[in-house]
Amino acid sequence: NAGVTQTPKFRILKIGQSMTLQCTQDMNHNYMYWYRQDPGMGLKLIYYSVGAGITDKGEVPNGYNVSRSTTEDFPLRLELAAPSQTSVYFCASSYGDSLNQPQHFGDGTRLSIL
Amino acid sequence: AQSVTQLGSHVSVSEGALVLLRCNYSSSVPPYLFWYVQYPNQGLQLLLKYTSAATLVKGINGFEAEFKKSETSFHLTKPSAHMSDAAEYFCAVTKAAGNKLTFGGGTRVLVKP
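Only a predicted model underlies this, so the values are computations on that prediction, with no experimental measurement involved.

Caption draft 1: Region of interest: the overall build of chain A. On a plain count of helices and strands, chain A comes out with zero helices and 11 strands. Ordered by position from the N terminus, the helices and strands of chain A form the series β-β-β-β-β-β-β-β-β-β-β. Computed over its C-alpha atoms, the radius of gyration of chain A comes to 13 Å, within 12% of the 13 Å expected for a compact globule of 114 residues. With the C-alpha coordinates aligned to their principal axes, the bounding extent of chain A is approximately 40 × 30 × 25 Å. With 114 residues in all, chain A has 46% of them scored as buried. Total accessible area computed for chain A in this model is approximately 5,400 Å², and 51% of it derives from carbon and sulfur atoms. Here chain A contributes 9 positive and 9 negative side-chain charges, whose respective centroids are spaced 10 Å apart.

If you want it as structure tokens, here you go:
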């Protein structure tokens with residue numbers, strides 16, 4: 001099993017450009033999450049999904065969109081990149097809620113907006 | 001609202017010495033607490049979790065944490081540091097029946113030979 005796979009690993013964007021961060025998991029997990037990690041701030045939840053066709057906002061959703069058309073995939077879309085979105089992005093998945101099932105993380109996408 | 005505070009963004013320990021990472025939480029309901037570790041250029045891995053079964057929780061790689069309700073703390077310890085323990089450690093909390101983690105700011109551990 002590959003676990004949680006994120007692509008790309010690194011990306012540089014210009015202000016105003018758009019891009020999609022890809023996330024796929026092969027563990028048949030129903031819960032998936034997107035976080036951003038800024039230095040000294042820990043991880044903050046952007047969006048999450050409890051199953052195909054269901055998404056909901058986390059703590060910092062502004063400037064992002066998500067979709068969940070399949071159990072395996074949970075892409076994160078940046079429509080108009082801004083310097084404030086420079087961060088490391090992590091996708092995670094779990095079989096159930098985090099009380100009993102740990103979240104499994106991908107290796108991250110390091111994104112710079114210039 | 002719940003929150004997590006990790007005291008000390010950087011900790012330096014000598015190989016073989018005690019590792020102590022501090023975590024305090026605030027929550028209006030009984031919390032569920034977690035410690036994650038992040039090695040360079042990798043995602044987070046679960047070290048251990050507290051879900052009210054026992055106040056002293058043992059995790060992987062020789063780490064353990066003790067839940068102290070009176071102090072609202074969940075400090076992480078390891079008796080003897082190893083070079084491979086150099087990483088960033090995150091404390092996180094979630095409420096009962098919740099599925100969203102709130103993370104602390106992280107503590108980066110440096111192990112000196």
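Caption draft 2: Expanded view of the sheet that holds strand 3 (residues 19–25) of chain A. Residue and element names in this part refer to chain A. An order of 1-3-8-7 is seen for the four strands of this open sheet, with the pairing classed as antiparallel. Both edges of this open sheet fall to strand 1 (4–7) and strand 7 (64–66), since each of them pairs with a single strand only. Between one strand axis and the next, the sheet turns by 20 degrees as a mean value, whatever way the strands run. Direction of pairing for strand 1 relative to strand 3: antiparallel, over a ladder of four bridges. Along strand 3, the bridge assignment pairs Thr7 with Gln22.

Caption draft 3: Broad picture of the state of the cysteines. All names here are of chain A. Considering all chains together, one arrives at two disulfides over all chains under this definition. Disulfide partner of Cys23: Cys91, at an S-S distance of 1.9 Å. Torsion about the S-S bond of the Cys23 and Cys91 cystine: about -70 degrees, corresponding to left-handed handedness. Separated by 68 residues along the polypeptide, Cys23 in strand 3 and Cys91 in strand 9 (residues 87–94) bring together distant segments of the chain. In this pair, the class of Cys23 matches that of Cys91, namely buried.

Caption draft 4: Molecular detail of the interface of chain B and chain A. Contacts between chain B and chain A engage 24 residues on the former and 23 residues on the latter. Between chain B and chain A, the buried area comes to about 1,700 Å², and carbon and sulfur atoms account for 55% of it. Our count for the contact surface shared by chain B and chain A stands at three residue pairs in polar contact (both at pLDDT 80 or more). Elements supplying a minimum of two residues to the side of chain B that touches chain A: strand 4 (31–38), strand 5 (44–50) and strand 9 (87–95) of chain B.

Caption draft 5: Summary view of the sheet that holds strand 1 (residues 3–7) of chain B. Residues and elements named next belong to chain B. Read from one edge of the open sheet, five strands run 1-3-8-7-6, paired in antiparallel fashion. Strands with a single pairing partner mark the edges of an open sheet, and in this sheet they are strand 1 and strand 6 (56–58). This sheet shows a mean twist of 20 degrees between the axes of neighbouring strands, independent of strand direction. In the sheet, strand 1 pairs with strand 3 (residues 19–26) via five bridges, with the strands oriented antiparallel. Following the sheet pairing, Val4 is matched in strand 3 by Tyr25.

Caption draft 6: Molecular detail of the pattern of salt bridges. Within this structure, the stated rule accounts for six salt bridges over all chains. Salt-bridge contacts for Lys44 of chain A lead to Glu59 of chain A; the nearest nitrogen and oxygen are separated by 3.7 Å. Here the residue Lys44 of chain A occupies a position in strand 5 (residues 43–51), and Glu59 of chain A occupies one in the loop between strand 6 (54–57) and strand 7, the gap between them amounting to 15 residues. A salt bridge links Glu64 of chain B to Lys58 of chain B, with the shortest nitrogen-to-oxygen separation between them at 2.8 Å. For Glu64 of chain B, a relative accessible area of 23% puts it in the partly exposed group.

Caption draft 7: Spatial organisation of the side chain of Asp85 of chain B. All names here are of chain B. Considering the arrangement of structural elements, one finds Asp85 in the loop between strand 8 (73–78) and strand 9. Residue classification places Asp85 among the buried residues on the basis of a relative accessible area of 2%. Discounting residues that sit within four places of it in the chain, Asp85 has contacts with Phe63, Lys78, Ser80, Val109 and Val111.

Caption draft 8: Summary view of the pairing of strand 11 (residues 109–113) of chain A. All names here are of chain A. Of the two faces of strand 11, only the one carrying Thr109, Leu111 and Ile113 is buried; Arg110 and Ser112 on the other face are not. As judged from the four bridges shared by strand 2 (residues 10–13) and strand 11, these two strands associate in the parallel manner. When the bridges of strand 11 are listed, Ile12 appears paired with Ser112. Looking at chain direction, strand 9 and strand 11 are connected through three bridges and run antiparallel.

Scoring rules and cut-offs
- Residues numbered from 1 in each chain as written.
- Chains lettered and ligands numbered in written order.
- Predicted model: local features only at pLDDT ≥ 70, side-chain atom pairs only at ≥ 80, totals over all residues.
- Heavy atoms only, no water.
- Helix = DSSP H or I, 4+ residues; strand = E, 2+ residues; numbered from the N terminus.
- Rg over C-alpha atoms; globule rule 2.2 N^0.38 Å.
- Buried < 20%, exposed > 50% of the residue type's maximum accessible area, 1.4 Å probe, protein only.
- Areas by Shrake-Rupley, 256 points an atom, 1.4 Å probe, with all protein chains shown as cover.
- Lys, Arg positive; Asp, Glu negative; His and termini not counted.
- Charge placed at Lys NZ, Arg CZ, Asp CG, Glu CD.
- Pairing = 2+ DSSP bridges.
- Axes fitted to C-alpha atoms, helices over the stretch in contact; angles between N-to-C directions.
- Disulfide = S-S within 2.5 Å.
- Contact = heavy atoms within 4.5 Å.
- Buried area = accessible area lost by both parts, 1.4 Å probe.
- Polar contact = N/O pair within 3.5 Å; in protein donor to acceptor, adjacent residues only side chain to side chain.
- Salt bridge = Lys/Arg side-chain N within 4 Å of Asp/Glu carboxyl O.

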